[in-house]
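# Structural description and commentary
Chain by chain, the residues run as shown.
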Amino acid sequence: MTAQPDHQADRPGFNPPMGTLAELREALSSWGFPGDRQRFEEELDALDLDDLTKVRELIQAYRHRVLLRYDAQGMAALARTTEDVEDELRRKLTEAGAR
């Protein structure tokens, strides 16, 4: 028998509820990157709420940030150094040019 995770966020495939602005705010406070909640509020305050496209884009961007925090591959990509990414790009460009 395997041990079950103690915290729901430790379960594979966990996604915090973010179907409403209140839930998104809670998710940013609890599971977002440091400062995300404050930046979200500042950006939301600066938007014209009649521009629903901009409001939707902002909400989607911050929902994505919370989801990224719980994606192992996403976090590994964020942890990569600039030099590592540059080396990979150079290698891929060299391989593409050799074809």
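Cut-offs used in this document
Residues numbered from 1 in each chain as written. Predicted model: local features only at pLDDT ≥ 70, side-chain atom pairs only at ≥ 80, totals over all residues. Heavy atoms only, no water. Helix = DSSP H or I, 4+ residues; strand = E, 2+ residues; numbered from the N terminus. Buried < 20%, exposed > 50% of the residue type's maximum accessible area, 1.4 Å probe, protein only. Contact = heavy atoms within 4.5 Å. Areas by Shrake-Rupley, 256 points an atom, 1.4 Å probe, with all protein chains shown as cover. Core = buried A, V, L, I, M, F, W, Y, C linked by side-chain atoms within 4.5 Å. Polar contact = N/O pair within 3.5 Å; in protein donor to acceptor, adjacent residues only side chain to side chain. Axes fitted to C-alpha atoms, helices over the stretch in contact; angles between N-to-C directions. Parallel < 35°, antiparallel > 145°, perpendicular 65-115°, else oblique. Salt bridge = Lys/Arg side-chain N within 4 Å of Asp/Glu carboxyl O. Phe/Tyr/Trp six-rings, centres within 6.5 Å; stacked < 30°, edge-to-face > 60°. Lys NZ or Arg CZ within 6 Å of the ring centre and 35° of its normal.

## Here we look at the overall build of the protein chain
A tally of helices and strands in the protein chain yields five helices and zero strands. Going residue by residue from the N terminus, the α and β elements of the protein chain occur as α-α-α-α-α. For the protein chain, the proportion of its 99 residues judged to be buried stands at 20%. Taking as baseline every contact in the protein chain between residues at least 6 positions apart, the subset at least 24 positions apart corresponds to 42%. As displayed, the protein chain has an accessible area near 7600 Å², and 52% of this comes from carbon and sulfur atoms.

## Quick look at the nonpolar core
Listed in full, the eleven residues of the largest apolar core are F14, M18, L24, A27, L28, W31, F40, L44, L58, Y62 and V66. Only α1 (21-31), α2 (36-46) and α3 (52-69) provide two or more residues apiece to this core. Among all residues touching Y62, those that are not within four sequence positions of it are L24, L28, D36, R39, F40 and E43.

## What to know about the side chain of D36
With respect to the element layout, D36 can be found in helix α2. Residue D36 is classed as buried on the basis of its relative accessible area of 0%. In this structure the side chain of D36 is engaged in a polar contact, spanning 3.0 Å, whose partner is the side chain of R65. Not counting residues within four places of it along the chain, the set of residues in contact with D36 comprises L28, Y62 and R65.

## Topic: the packing of α2 against α3
It is the contact of α2 with α3, at a shortest axis distance of 11 Å, that shows an interaxial angle of 175°. On the basis of their axis angle, the class for α2 and α3 is roughly antiparallel. Together, D36, R39, F40, E43 and L44 of α2 and L58, I59, Y62 and R65 of α3 make up the contact between the two elements.

## Section: the pattern of salt bridges
Per the counting criterion, the structure on display carries nine salt bridges. The shortest N-O distance in the salt bridge between D36 and R39 comes to 3.0 Å. Of this pair, D36 and R39 are both found in helix α2, three residues apart, which corresponds to roughly one turn of the helix. For D87, the salt bridge identified is with R90, shortest N-O distance 3.0 Å. With D87 and R90 both in helix α5 (residues 82-98) and three residues apart, this pair spans about one turn of that helix. The exposure class assigned to R90 is partly exposed, which follows from its relative accessible area of 47%. Here the salt bridges share partners, and the residues they tie into one network are R80, D84, E88 and K92.

## Regarding the packing of aromatic side chains
The final tally for this structure, using the stated rule, is one aromatic pair. Here the guanidinium or amino end of R69 rests over the ring plane of F33, the centre of that ring lying 5.2 Å away.

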